[in-house]
Amino acid sequence: MLQATRITLGLLAHRIGQLSEQIREVDVRLTRLVERHAPQLLDVVGIGPDTAVTLLITVGDNPERLDSEASFAALCGVSPVERSSGRRRFRRLNRGGDRQASAALHRIVFTRLRVDPRTQD
């Protein structure tokens, strides 16, 4: 039983090593793609290659819908939407849009809150 456990753990460790190497290779490829198509994204604090690619995919899939920052916010589902209830008017967050892009923006904001002094201020 002990020998079977050791063999299994060895196989798992080997597989983890293989997967880690594949992740590094994908990261290098993504970085190259972003550097070729939108290198300015990687200069922004909080945006890594994976997040940049997510945003580029959203923009690339919907070029006709983008003409301002507000339209990009609506596309990502992070724009405010006016709501009213009788006499009371308020805003809520847009529930539509590209959820992957919304999650990417969420990661950017929280990364910047953690590491960027300007955002923390």
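Further up the page is the structure itself.
Chemist: Residues and numbers for the overall build of the protein chain, please.
Modeler: A count of helical and extended segments in the protein chain gives 5 helices and 2 strands. Put simply, the protein chain runs from its N terminus to its C terminus through helices and strands in the order α-α-α-β-β-α-α. Its C-alpha radius of gyration of 21 Å places the protein chain more than 25% over the 14 Å reference for a compact globule of 121 residues. When the backbone C-alpha atoms are referred to their principal axes, the protein chain occupies close to 75 × 40 × 35 Å. When each of the 121 residues of the protein chain is scored for burial, the buried share is 21%.

Chemist: Residues and numbers for helix α3 (residues 69–76), please.
Modeler: Taken together, the buried positions of α3 are occupied by S71, A73, L75 and C76. Looking at the buried residues of α3, the elements they touch are α2 (49–61) and α4 (99–115). Of the residues one or two after α3, G77 is the one with positive phi, at around 80°.

Chemist: So what about α2? Which residues, and what values?
Modeler: Here α2 is 13 residues long and its end C-alpha atoms lie 18 Å apart, about the 18 Å a rise of 1.5 Å per residue gives. Three or more residues of α2 are buried, namely T51, A52, V53, T54, L55 and T58. Of the surrounding secondary structure, the elements contacted by the buried residues of α2 are α1 (2–37), α3 and α4.

Chemist: Got a sec to walk through the environment of F90? Specific residues and values, please.
Modeler: With respect to the element layout, F90 can be found in strand β2 (residues 88–93). Each C-alpha atom, one on F90 and one on P80, is 9.5 Å from the other, the two residues being 10 residues apart in sequence. Ignoring any residue separated from it by four or fewer positions in sequence, one finds F90 in contact with V81, E82, R83 and S85.

Scoring rules and cut-offs
Residues numbered from 1 in each chain as written. Predicted model: local features only at pLDDT ≥ 70, side-chain atom pairs only at ≥ 80, totals over all residues. Heavy atoms only, no water. Helix = DSSP H or I, 4+ residues; strand = E, 2+ residues; numbered from the N terminus. Rg over C-alpha atoms; globule rule 2.2 N^0.38 Å. Buried < 20%, exposed > 50% of the residue type's maximum accessible area, 1.4 Å probe, protein only. Contact = heavy atoms within 4.5 Å. Expected span 1.5 Å × (residues − 1).

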